[in-house]
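Descriptive analysis of the structure
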Amino acid sequence: MSAPVVRAFGSRAVLAVAAVLALAPVLFLVSLSLRGVDDISNGGWLPTRVRWDNWPAAFDTVPLARMLANSWLIALGATLLTVLVAVPTAYLTARGGRRGQRLYSVLLAAYCAPPVIAVLPLYFLLKSVDLTNSVLGLALVDGLANVPVAVWLLDGFVRRVPRELEEAGWVDGLSVVAGVRRVVLPLVLPGLVAASLVCFFLAYNEFLFAVSFAQSPSAQPLTVGLSLFQGDRTVQFGQQAAASLVAIVPVYLLAVAAQRLLIGGLSQGAVK
Amino acid sequence: MPLWLAVPAVVSLLVIAGYPTVVGIALAFTNSSLARPLRSFAGFDNFVAAAESVAFAGSLLRSAVFAVLATALSVVAGVAAAVALDARGGRFGLLGTVLLLPMVTPPVSVGVAWKLLLAPVGGAFTGLWDALGIAGFNPLGSGVGAFSTLLVMHAWQWTPLVTLLVYAALLGVPAELREAAALDGAGWLRTLRSVVGPQVAPSVLAVAVLELVIAFKVFDLIVVVTSGGPGVSTTVASFEVFRTAFRGSFEVGTAAAETLLLGLVVGVVLAVAGLVTRRVRDADR
């Protein structure tokens, strides 16, 4: 065999293995969620008989519907806040010269610290304003915590907007802020959508703040609900699998639907 | 440029970084409870308690080892996948999206999925263990096994980030460079090693630092998969701090002292990583 043939075959083999590895754990969850207790303990990859009762049962064991709603509320609120803060901030880091650079470095440094460091102080802060056990409280914390990620992704997009375009706007009488809104924002829209998606995923998947700040089911998101299944001694694999899938399916659908924006935003924004 | 544009950034930084740092230091040097913070000055008592805590003492090293090994694993796997994608040619497409899915999976779900996959009863490999004569094998049963399994789970989730960013960097290598190497008679592997490699090395290093940062934050997986066990073999610092503050003992002051020490360790490791990155980048020029 010639070298190019070996290479083509080798690269496809590597990618096939990678794709199987990427999908296997989640596909196994799907299989478990469709099996009864006996069918599961018999082992194997596929159900011998498909049954759906794990799904409604999972919604009874923990208040999954409430938690799913909480997850979405927290993630949407957090993303909105992140974007509102990140747009003016990314404009500053990209266009603000040396001060902008310094702001960028400080934001990245803040992102590097493990979030557990902020948990206790933030707990006391939320408690003092009565926002523990609150969807709003979690949305606020997650939203602010994700600002560095959004700025990191957006900064590159703002930098690629030609300065002349903005300057032309200023000559036409636009203020700096109006220029950001009417000239810069439309041009960085793909980056903004990608950054919003990434921040949505981060807030939706967040667990540490949620488990620390929300003790009551009324404010707990899905991630906390899933961890509660673990405390159960009589672990119901099928229900657990179904509940995990309830958390996974929306993000997978979003990721597949927006794949091009997501990939473009991540790879163009991040590689500098 | 109007200064008030900086207000959102400054407020955010105060809430997520400035305030936690100041209060964290205050908590570390005082006696506190979750109901009543900052009750009385404690000197270094909290640090002594942290140092004497068996679970915490080893957890800093465990976190650092976890971060370094997880980074190595994801970078190697991610670069391999990126090179394969590049060699295949064509668009990122559906296959690329499939490869990225682990990254958006909630870490709690990742833990549940892998735990069920590896379960000694009802797991996906029970048949394989039987065939190998190790029926009922539980990878999470031993300390080393549990630690390694968590490494694999974490790498499963975060390898896609390396794949994506390194693939983007590979696409950025000018085609003329590869053509010139081919004209000079260099084969694919030689071109990859001597021409493409140095071009993407800075990106690979930057991604490695990012992976290091992410791996230091590991928490969800530990809670769901091992709760720090067996023994303390998977008790990383983030988990131990959380347990000290919110589970069982509620020792707020000790937990605060532990977070300061954790911050110090993360800072040192990242500073070294940053230094290495800069060295390599400067050596290129």
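Residues numbered from 1 in each chain as written. Chains lettered and ligands numbered in written order. Predicted model: local features only at pLDDT ≥ 70, side-chain atom pairs only at ≥ 80, totals over all residues.

**Here we look at the overall build of chain B**
For clarity, the cut-off: A run of H or I in DSSP becomes a helix once it reaches four residues, and a run of E becomes a strand once it reaches two; helices and strands are each numbered from the N terminus. Three exposure classes are used, all based on how many other C-beta atoms lie within 10 Å of a residue's own C-beta (placed from the backbone): buried at 20 or more, exposed at 12 or fewer, and partly exposed between those limits. Throughout, a pair of residues is in contact if the C-beta atoms placed from their backbones lie within 7 Å.
A count of helical and extended segments in chain B gives twelve helices and two strands. Sequence-ordered secondary structure for chain B, helices as α and strands as β, is α-β-β-α-α-α-α-α-α-α-α-α-α-α. Each of the three principal axes of chain B carries a C-alpha extent, and together these read 75 × 70 × 30 Å. When burial is assessed residue by residue, chain B has 45% of its 285 residues classed as buried. When contacts within chain B are restricted to residue pairs at least 6 apart in sequence, those whose partners lie at least 24 apart make up 73%.

**Here we look at the overall build of chain A**
For chain A, the count of helices and strands is 15 helices and zero strands. Principal-axis analysis of the C-alpha atoms places the extent of chain A at approximately 75 × 70 × 30 Å. Split into buried and exposed, the 272 residues of chain A put 48% on the buried side. At a minimum sequence separation of 6, the contacts of chain A that also span at least 24 residues come to 76%.

**Points about the interface of chain B and chain A**
Convention followed: Note that Gly is not counted as nonpolar here; it falls among the polar residues with everything else outside the nonpolar set of Ala, Val, Leu, Ile, Met, Phe, Trp, Tyr, Cys and Pro and the charged set of Asp, Glu, Lys and Arg.
Taken together, the contacts link 77 residues of chain B with 75 residues of chain A. When residues of the side of chain B that touches chain A are assigned to their parent elements, the largest contribution, twelve residues, is made by helix α1 (residues 7-28) of chain B. Across the side of chain B that touches chain A, the residue classes tally to 59 nonpolar, 15 polar and three charged.

**Description of the domain arrangement of chain A**
Residues and elements named next belong to chain A. Counted only if it meets this: Domains are outlined according to an automatic or database domain assignment.
Its domain assignment divides chain A into domain 1 (1-51) and domain 2 (58-270). In this complex, domain 1 contributes seven residues to the contact, which on the side of domain 2 involves seven residues. Looking at the side of domain 1 that touches domain 2, the element that brings in the most residues is helix α1 (residues 3-33), giving five residues. Along the lines of polarity and charge, the residues of the side of domain 1 that touches domain 2 split into five nonpolar, one polar and one charged.

**Describing the environment of A:L29**
Within the secondary structure, A:L29 sits in helix α1. The exposure class of A:L29 is buried, given the 25 C-beta atoms found within 10 Å. Sequence separation of A:L29 and A:W45 is 16 residues, and the distance between their C-alpha atoms is 9.8 Å. Those residues in contact with A:L29, other than ones at most four positions away along the chain, are A:A241, A:S244, A:L245, B:A113 and B:L116.

**Section: the nonpolar core**
Residue and element names in this part refer to chain A. Heads up, the rule is: For this analysis, nonpolar core means a set of buried Ala, Val, Leu, Ile, Met, Phe, Trp, Tyr and Cys residues linked through C-beta atoms within 7 Å.
Formed by 169 residues in total, the largest nonpolar core has its most connected members in A86, L138 and L154. Formed jointly, this core draws a minimum of three residues from each of two domains, domain 1 (1-51) and domain 2 (58-270). Discounting residues that sit within four places of it in the chain, L138 has contacts with I74, F209, A210, F213, A214 and A219.

**Let's talk about the confidence of the model for chain A**
Using the following cut-off: pLDDT gives the predictor's per-residue confidence on a scale running from 0 to 100.
Residues of chain A with pLDDT of at least 70 account for 96%, and the chain-wide mean is 89. Highest mean pLDDT in chain A belongs to helix α7 (residues 135-145) of chain A (96); lowest belongs to helix α15 (residues 259-270) of chain A (76).

**Let's talk about unusual backbone geometry**
Residues and elements named next belong to chain B. Between G229 and the following residue, P230, the backbone shows a cis peptide bond with an omega angle of -5°. By the secondary structure assignment, P230 is in the loop between α10 (220-225) and α11 (237-246). Not every positive phi belongs to a glycine, and L38 is a case in point at roughly 55°. Within the element layout of this structure, L38 appears in the loop between β1 (30-31) and β2 (40-41). Overall, the presence of 16 C-beta atoms within 10 Å leaves L38 in the partly exposed class.

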